[in-house]
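Residues per chain, in single letters:
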Amino acid sequence: MKPLSYTQIALYQSCPLCYKLQYIDGLEPKDKWYFSFGSTMHLCAEYFFKIRVPPPPSLDELLEFYEQNWLSAGYESAEEEAKYKAYGREILSRFWEIHSADFRMPIAVERIFYIDIDGVKLRGFIDRVDKLDSGGLSIVDYKTNKELFTTDYLEKDLQLTLYQLAAEQTWHIPVERLTLYHLRSNTPCSCEPRNEAQLDEARHLALEVANGIAQERFPAIENDYCPCDFAEHCPYYRQKYVEIVAEPKETDILRGMTIDEAVEGFVSLQNQIKQLQLQLDEIKQMVTDFCQAEGLNRVYGKEHAITYKLVERAGFSEDEVRALLEPEGLWNRVLSFDQSRLKQLLTDEETAKGIRDKLEGLKRVISTYPRLSVRRLIEEE
Ligand code: SF4
């Protein structure tokens, strides 16, 4: 297997099918302005810091480099592109002011790394690594996201965790600070390094993803970014895209209906059932109240009668039954395997992690059943 990058791991986690379409089938995602903008800004930050000896480039040199390396792909109009180009100049001017005032040579810029986790190779580029006064390492990754990063986001960010693993393997020096540098506001958002348990969790996750890929597990998983650029290949969206091009067709399976008639018919019947159920519940309550108020066990209509009866549900107390059966050696005969208790055990921190991991490894698909869920398209659009 080729080395995995953080981007690939993250994509597989959000939708394995999308990962397959892009990285195994080789489909090309569409150009997006924010990728172009992010790449240009990354290149400029790299240009500023990747020097043999100080001083760093002047502001004019930096802005000239920016002009020469501007990527135009993905912008919707010339106006939009011009707006972002001006915005990028502003960001870089401020970036230059801040970092030329207290310039320190990093120990690495745009450094490629390869690491091995139990035979799985990971590969990536770290934007910048600085050496702190304490002697430890500080990892910086530039981001052009809109919003600033919250502490919670920083503490869970998988990319920073993998970069810490890579830096400690490469330099054999502990990482003491992890930073996502928010370029739009020129704000370094930093957090403490990961502890051994968090590093282990990231290793485990990388192995899980590699395992899923090796076993060719590529289900489509809907997420916040749907529909992606490959929607016509996705079981959630394909029918919508294909039907736009071709007329809806009747098939034997649908017994003379088109699929859109079947969908609308399903939803309409489901709604009628819900309404009827509400009415039924209401009348049931009225009849029950009437019988209780009048002390009646049966009430009559013209053609039907309804009998009212308070039904008792009998059961056993677990403690009492156990106290009786256990001494007789019969307790095991009434116990059975309980899936919901097993799920509780899996999330219980007090259960040893090794046991929980082994239990997770035993998880299999033991049955399947069809489920139809309804979504309102008009409101969404
Ligand atoms: S549209 Fe969504 S679910 Fe379908 S392949 Fe793309 S990301 Fe996955």
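Preceding this section is the structure that the text describes.
What you are looking at is a predicted structure, and each value in this text was computed from that prediction instead of being measured.

Sheet strands pair via backbone hydrogen bonds, and the direction of the pair is either parallel or antiparallel. Ordered in space as E1-E2-E3-E4-E5, the 5 strands form an open sheet in which the pairing is mixed. Every interior strand has two partners, whereas the edge strands, strand E1 (108–117) and strand E5 (187–191), have only one. Averaged over all neighbouring strand pairs, the angle between strand axes comes to 40 degrees, with direction disregarded. In terms of strand pairing, E1 meets strand E2 (residues 120–131) through 9 bridges, oriented antiparallel. Along E2, the bridge assignment pairs Ala 108 with Val 129. The sheet strands contacting helix H7 (residues 158–171) are E1, E2, strand E3 (137–143) and strand E4 (175–182), and the helix crosses E1 at an angle near 90 degrees.

Before going further, it helps to examine the packing of helix H1 (residues 6–14) against H7. Between H1 and H7, whose axes approach to 10 Å, the crossing angle comes to 140 degrees. In terms of axis orientation, H1 runs oblique to H7. The two elements H1 and H7 meet at a crossing, and its hand is right-handed. The residues of H7 that touch H1, namely those facing Tyr 6, Ile 9 and Gln 13, are Leu 158, Gln 159 and Leu 162. Taken together, the residues of the contact of H1 with H7 break down into 4 nonpolar, 2 polar and no charged.

Note: E4 against E5, 5 bridges, orientation antiparallel. Residue pairing for E5: Leu 178 is matched across the bridge by Cys 191. Where E4 hands over to E5, the hairpin turn is made up of 4 residues, of which Asn 186 adopts a positive phi near 50 degrees.

Once that is clear, we can look at the site of the ligand. Around the ligand, the neighbouring residues are Cys 15, Leu 17, Ile 221, Glu 222, Asn 223, Cys 226, Pro 227, Cys 228, Cys 234, Tyr 236 and Tyr 237. Residues of the shell around the ligand, tallied by class, amount to 9 nonpolar, 1 polar and 1 charged.

So, on to the nonpolar core. Among the nonpolar cores identified, the biggest contains 46 residues, and Leu 4, Ile 9, Leu 122 and Ile 126 are the most heavily contacted of them. It is H7 that contributes the most residues to this core, 8 residues altogether. Every residue in contact with Leu 122, bar those within four places of it in the chain, is listed here: Pro 3, Leu 4, Ile 9, Phe 113, Tyr 114, Ile 115, Ile 117, Leu 162 and Ala 206. Within the second largest apolar cluster, 23 residues are counted, among which are Cys 44, Leu 62, Ile 91 and Val 140.

Across the interface, helix H3 (residues 33–49) lies against helix H4 (residues 59–68) with an axial gap of 10 Å and an inter-helix angle of 145 degrees. Judged by the sense of rotation from one axis to the other, the crossing of H3 with H4 is right-handed. Here Thr 40, Met 41, Leu 43, Cys 44, Tyr 47 and Phe 48 of H3 lie close against H4, whose contacting residues are Glu 61, Leu 62, Phe 65 and Tyr 66. Residue composition of the contact of H3 with H4, by class: 8 nonpolar, 1 polar and 1 charged.

Over its 19 residues, helix H8 (residues 196–214) runs 27 Å from end to end, which matches the ideal 27 Å to within 8%, given 1.5 Å per residue. Among the residues making up H8, those that are buried are Leu 199, Ala 202, Ala 206, Val 209, Ala 210, Gly 212 and Ile 213. Down the axis of H8, the buried side of the element spans an arc of 160 degrees, and every buried residue falls inside it. For H8, the exposed residues lying more than 90 degrees away from the buried face are Glu 196, Ala 197, Glu 201 and Ala 214. Close packing links the buried residues of H8 with H1, helix H2 (16–24), E1, E2 and H7. A side-chain oxygen of the first residue of H8 lies 3.2 Å from the backbone nitrogen of Ala 197; this N-cap is Asn 195.

It is worth spelling out the packing of aromatic side chains at this point. Taken as a whole and assessed by the stated rule, the structure comprises 27 aromatic pairs. Between the aromatic rings of Tyr 47 and Phe 65, the centroid separation amounts to 4.1 Å while the plane-to-plane angle is 5 degrees, which identifies the pairing as stacked. In this pair, Tyr 47 is assigned in helix H3 and Phe 65 in helix H4, connecting sequence segments 18 residues apart. The class for Tyr 47 is partly exposed, based on a relative accessible area of 27%. Relative to Phe 95, the ring of Phe 48 has its centre 5.6 Å away and its plane inclined at 80 degrees; by these criteria the two rings are edge-to-face. Residue Phe 48 is located in helix H3, and its partner Phe 95 is located in helix H5 (residues 78–101); the two are separated by 47 residues in the primary sequence. Accessibility assignment for this pair places Phe 48 and Phe 95 in one class, buried. Linked through ring pairs, Trp 33, Tyr 34, Phe 35, Phe 37, Tyr 66, Trp 70, Tyr 75, Tyr 84 and Tyr 87 together constitute an aromatic cluster. Its end group placed over the ring of Phe 49, Arg 128 keeps NZ or CZ at 4.3 Å from the ring centre.

Rules of the game
- Residues numbered from 1 in each chain as written.
- Predicted model: local features only at pLDDT ≥ 70, side-chain atom pairs only at ≥ 80, totals over all residues.
- Heavy atoms only, no water.
- Pairing = 2+ DSSP bridges.
- Helix = DSSP H or I, 4+ residues; strand = E, 2+ residues; numbered from the N terminus.
- Axes fitted to C-alpha atoms, helices over the stretch in contact; angles between N-to-C directions.
- Contact = heavy atoms within 4.5 Å.
- Parallel < 35°, antiparallel > 145°, perpendicular 65-115°, else oblique.
- Left-handed = near helix turned anticlockwise from the far one by under 90°.
- Nonpolar A, V, L, I, M, F, W, Y, C, P; charged D, E, K, R; others polar.
- Near = heavy atom within 4 Å.
- Core = buried A, V, L, I, M, F, W, Y, C linked by side-chain atoms within 4.5 Å.
- Buried < 20%, exposed > 50% of the residue type's maximum accessible area, 1.4 Å probe, protein only.
- Expected span 1.5 Å × (residues − 1).
- Arc of directions from axis to C-beta.
- Polar contact = N/O pair within 3.5 Å; in protein donor to acceptor, adjacent residues only side chain to side chain.
- Phe/Tyr/Trp six-rings, centres within 6.5 Å; stacked < 30°, edge-to-face > 60°.
- Lys NZ or Arg CZ within 6 Å of the ring centre and 35° of its normal.

Everything listed here is a matter of coordinates, which is why it stays silent on function.
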